[in-house]
Amino acid sequence: MFNLRDWGADVWERSSRPIRVLIALGAIAIAASLPLLGGTFLNTPVADYGSVLVFPVAIFVIMALGLNIVIGKSGLLDLGYVAFFAIGAYTMGLLGTKTGLNSWEILPIGIAMAMFAGLILGVPALRLRGDYLAIITLGFGEIVRITALNLNSIGGANGIVGIPTPPTVFGLEYTFDNHRLYFWTFLIIILLTIWMIRRLSVRRAGRAWESIRQDEDAAELMGVPTFRYKIWAFVLGASVGGAAGVLYASKTLFISPDNFTLQVSILILACVVFGGMGNIWGVILGAIILGYLPDRIRFISDARLLVFGAVLVLMMNLRPDGILPRKKREKALPGKNQNE
Amino acid sequence: MLANFQNQFASLTVGGLSLGFIYVLIALGYTMVYGVLRMINFANSEIFMYGTFASIVVIRDVFKFTQQSEPATGFRLIYILLFCLIGSMLMAGILSVFLELVAYRRLRNKGSNKLAPLISAIGMSIVLAEFMRILTDSRYVGSPRVMEKKVLGNFFGAELRLDNVIIVVAGLVLFIGLSQFVDKTRLGKAIRAVSMNEDAAKLMGVNLNFVVSGTFLVGGLMTGAAGFFYILKYENTSFNIGFELGIAAFTAAILGGIGNIKGAFYGGIALGLLETYASFFLGTQWKAVTVFLVLVVVLYFRPNGVFGEAITQTRA
Amino acid sequence: MSESILKLDNVTMQFGGVVALNDVTFEVRKQEILGLIGPNGAGKTTVFNVITGVYQITKGSITFNGKSISGIKRYRITKGGIARTFQNIRLWGDMTALENVITATDTHKKSGLLSGLFGLPVSRKEERRDKVRAQELLDFIGIGEYADRLAKNLPYGVQRRLEIARALGTNPKLLLLDEPAAGFNPAEKVELAKTIRKIRDAGYTVLLIEHDMSLVMGVSDRVVVIDFGQKIADDLPAKVQNDKRVIEAYLGVPDDAS
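Since the structure is predicted, the reported quantities are computational estimates derived from the model, not experimental observations.

What counts as what
- Residues numbered from 1 in each chain as written.
- Chains lettered and ligands numbered in written order.
- Predicted model: local features only at pLDDT ≥ 70, side-chain atom pairs only at ≥ 80, totals over all residues.
- Heavy atoms only, no water.
- Helix = DSSP H or I, 4+ residues; strand = E, 2+ residues; numbered from the N terminus.
- Rg over C-alpha atoms; globule rule 2.2 N^0.38 Å.
- Buried < 20%, exposed > 50% of the residue type's maximum accessible area, 1.4 Å probe, protein only.
- Contact = heavy atoms within 4.5 Å.
- Areas by Shrake-Rupley, 256 points an atom, 1.4 Å probe, with all protein chains shown as cover.
- Lys, Arg positive; Asp, Glu negative; His and termini not counted.
- Charge placed at Lys NZ, Arg CZ, Asp CG, Glu CD.
- Buried area = accessible area lost by both parts, 1.4 Å probe.
- Salt bridge = Lys/Arg side-chain N within 4 Å of Asp/Glu carboxyl O.
- Polar contact = N/O pair within 3.5 Å; in protein donor to acceptor, adjacent residues only side chain to side chain.
- Nonpolar A, V, L, I, M, F, W, Y, C, P; charged D, E, K, R; others polar.
- Pairing = 2+ DSSP bridges.
- pLDDT = per-residue confidence, 0-100.
- Axes fitted to C-alpha atoms, helices over the stretch in contact; angles between N-to-C directions.

Observations regarding the overall build of chain B
Okay, so step 1: Helix and strand counts for chain B come out as 11 helices and four strands.
Okay, so step 2: The C-alpha atoms of chain B give a radius of gyration of 19 Å, which matches the 20 Å a tight globule of 316 residues would have.
Okay, so step 3: Dimensions of chain B, computed from the C-alpha atoms along their principal axes, are close to 55 × 45 × 40 Å.
Okay, so step 4: By residue count, 57% of the 316 residues in chain B fall in the buried class.
Okay, so step 5: Expressed as a percentage of contacts within chain B between residues at least 6 apart in sequence, the contacts between residues at least 24 apart total 78%.
Okay, so step 6: In the structure as shown, chain B presents an accessible area of about 13,900 Å², 64% of it carried by carbon and sulfur atoms.
Okay, so step 7: Taking the 25 positively charged and 16 negatively charged side chains of chain B as two groups, their mean positions are separated by 7 Å.

Section: the interface of chain C and chain A
Okay, so step 1: In this complex, chain C contributes 41 residues to the contact, which on the side of chain A involves 37 residues.
Okay, so step 2: With both sides pooled, the region where chain C packs onto chain A buries about 3,600 Å², and carbon together with sulfur makes up 57% of that total.
Okay, so step 3: The tally of links from chain C across to chain A stands at seven salt bridges.
Okay, so step 4: On the surface where chain C and chain A come into contact, there are 16 residue pairs in polar contact (both at pLDDT 80 or more).
Okay, so step 5: Secondary structure elements with two or more residues in the side of chain C that touches chain A: helix 2 (74-80), helix 3 (97-105), helix 4 (113-117), helix 5 (121-141) and helix 6 (156-169) of chain C.
Okay, so step 6: For the side of chain C that touches chain A, a count of residues per class yields 14 nonpolar, 12 polar and 15 charged.

Brief notes about the pairing of strand 2 (residues 18-29) of chain C
Residue and element names in this part refer to chain C.
Okay, so step 1: Pairing of strand 1 (residues 4-15) with strand 2, which is carried by eight bridges, proceeds in the antiparallel orientation. Directly across from Gln14, in strand 2, lies its bridge partner Val19.
Okay, so step 2: Linking two consecutive strands that pair antiparallel, namely strand 1 and strand 2, is a turn of two residues; a positive phi of about 60° is found at Gly16 within it.

Looking at the confidence of the model for chain A
Okay, so step 1: Per-residue pLDDT for chain A averages 87, and the proportion of residues at 70 or more is 92%.
Okay, so step 2: The low-confidence segment residues 332-340 of chain A, where pLDDT is below 50, has nine contacts with residues more than four positions distant or belonging to other chains.

Comments concerning the environment of Pro186 of chain C
Okay, so step 1: With respect to the helices, strands and loops of the structure, Pro186 of chain C is situated in helix 7 (residues 186-201).
Okay, so step 2: Measuring from C-alpha to C-alpha, the distance between Pro186 of chain C and Asn22 of chain C comes to 34 Å, with 164 residues separating the pair along the chain.

Things to note about the sheet that holds strand 10 (residues 230-235) of chain C
Residues and elements named next belong to chain C.
Okay, so step 1: A sheet is described by the order of its strands in space; here six strands give the open sequence 6-7-8-3-9-10, paired in mixed fashion. Each edge of the sheet is formed by a strand with only one pairing partner; in this case those strands are strand 6 (82-84) and strand 10. If you compare each strand with its neighbour and ignore which way they point, the axes differ by 20° on average.
Okay, so step 2: As paired elements, strand 3 (residues 33-37) and strand 9 (residues 222-227) share four bridges and run parallel to each other. Residue pairing in the sheet places Leu36 in a bridge with Val224 of strand 9.
Okay, so step 3: Each of strand 3, strand 9 and strand 10 touches helix 10 (residues 244-251); the most contacted strand, strand 10, lies at about 130° to it.

Regarding unusual backbone geometry
Glycine aside, residues mostly have negative phi angles, and peptide bonds mostly take the trans form.
Okay, so step 1: Note the cis peptide between Phe55 of chain A and Pro56 of chain A, where omega equals 10°.
Okay, so step 2: One can find Pro56 of chain A in helix 3 (residues 49-73).
Okay, so step 3: Within the chain, Lys64 of chain B stands out as a residue other than glycine whose phi angle is a positive 55°.
Okay, so step 4: Positionally, Lys64 of chain B belongs in the loop between helix 2 (44-62) and helix 3 (74-110).
Okay, so step 5: In this structure Lys64 of chain B comes out as exposed when scored by relative accessible area, which is 61%.
Okay, so step 6: At Asn65 of chain C, a position not held by glycine, the phi torsion is positive, near 50°.
Okay, so step 7: Of note, Asn65 of chain C is situated in the loop between strand 4 (59-64) and strand 5 (67-68).

This is how it looks when you write it as structure tokens:
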């Protein structure tokens, strides 16, 4: 059976270094030109194409990539991922409105806050497995939201308004409707995240996560410091979520606890599951489709969550590896017996 | 505030007990399925939510109660209450069996990885809740009052309100009934056998699919009963009540030791009381946070609950 | 007589009211092959589980190279030089054979996540070196040609051998083999016996659980027998085979004996 993922990996592996660079640059160029290509037929009933590309599509892609480190790579079901997104966004909102710091200065702070939260949650939660981890993380996400809702010092139910846009870079102005500039900014974060995940996947950390996902007990008995690597997965996932939060807040200029419900965690989970847990290209594709389609098709946008729920059930039952599954293939060994 | 608390202590206790029994019954739904499948049935919270709606449908459409109707009394009241209880239980029981068939069975028979049934369950609970949201237009649905909430008497300064008394008494009866069922009947014994050792039970000729369906049915019946009691106590419901109540009941199951029927009982009562007392001091907006904190603390320090099996221990 | 590498002193392991190991004492000496046998359910795998830290012992002490290892984290015990295989194969099925072994060699890597992320030279050098070493181990065990195959697709016998190669990947001083010959035909068993001797001759110490008597008696330097969680014999293979209690344990006590 034809497998797009294997075909792609094959092309990549057979290419020499310069050709790989060319392929990568070409792909980046295509992605970067996305905001220029859209015709009006790509507009959705609620927003035009350029803005949909930034939110939800680009934000979903970033978050799905981050959640994929936790779920796809290490097999830890995190249902409270929205908490890190919220922490990033609130860091941006509070520091942006109350101090003179700008978005670029707040970005590392937001990431650090989210990572710290990942550590605080991870240390108790990651002693547990599977179902229990899911429940604990779900609770954590809700605690963060309820706290934001009930603390009037951070806006309470009204949230935070008047969050500043990022300052001008190289003469490019981040005005509210300059969607292209926002998209390119987000694309840089996406590329950085992809770079980080790919770098780690082929090294010790990637193998440790993979062994934990497949058989945690065996991993620990083979000398893998499982707890430490689970924490790392959590913290790195959180850092990506935090970055997404900062960017989101400096794009929408207004945040409130309603933006950070459990449903967001579920939406992102659906993106990861739909695209293919563990495969970054699948996850990106899943996030693009599930980010765009429900906004485009009115019929779906009313029942969006229903569709996402059904996606989860159907994918798990019919195609648990997603539309672009993780690597399954073995390298061809010339002259070796392959037909067992 | 403390003096105030002492004054109201008895009344709070009665309210906490009736809330506790609602938790007990939902917790039974979680705990029975966990015992047999070693899996958290995430969608049990939505089964409960459908149970509350089933009660309202029976009250409104079968007995033609409206907001203006006179509350029922005497034998007619008992008859109506029984009917509602059975209606909720059946609705939830059937839905629960159906849920297992659609969302879990295929995955279980395939022996897929551990995440798959969990994600499927989450998906299923969203589908159920969203379906109800669209059906009810995201609105709260109130229940016509079927009985007058008379105060039956005083007990150490606590008002014994009729609905609370009914919930505690009926909840106790249901719980005892379930214990007897699990101890005495063929299906009950099979459920226990599978809980203890699935492989051995299969070798002894237990039909696993049948036992699993039976477990979901019984768990659903209990959860449905909780749905009816909820309506009796609060007289309204909405598509999103499952989440909060579900998490609380799950916490109760963990508190008592999941997989253990007695544990669900003690855990439910303890959590019902704790939550009621805590709300008195902190205000109800922190209720959910209290519950989560209890869950985290229990999982962290006593993952076995009061009794029950170890969660973290390896089965090598 | 060579010095001991692992010592179990009066080890008792209770699960609730069930006593799985009762006051077990024995030692493993450097560079020997010690056979651990006993009837089904005697507690052999429990011995492995307490040594590797899966269970915390109720009483007694376990010392490895003169240091107590009870209560130490499992991965640290492995890092300290004890590695095991599993009776029911527990490879990482979606990794290749080579990756399975490399993951085990990671135990002793200096570079962690951050040096890997930034591609520091220490990380790159270690990656290259361990790949070579993992391939050498596969060759050593005789399954080098399967390096790039996914573990779950390997033939059963190769999987069993891969378990051994993976354990060796952690660079242990003491190797625990849990029924490595389960499901093997006689020819494969002969091969395996050779491999186990080869492992010993390469400088490792082996503690072997095995049901196949001729294999254990053939390769072991000494044999420890446990029954109902208690040690009932500890001697040379030839002596153990004729021990009255051992024969009783395996054949059942004759009615008139008591």
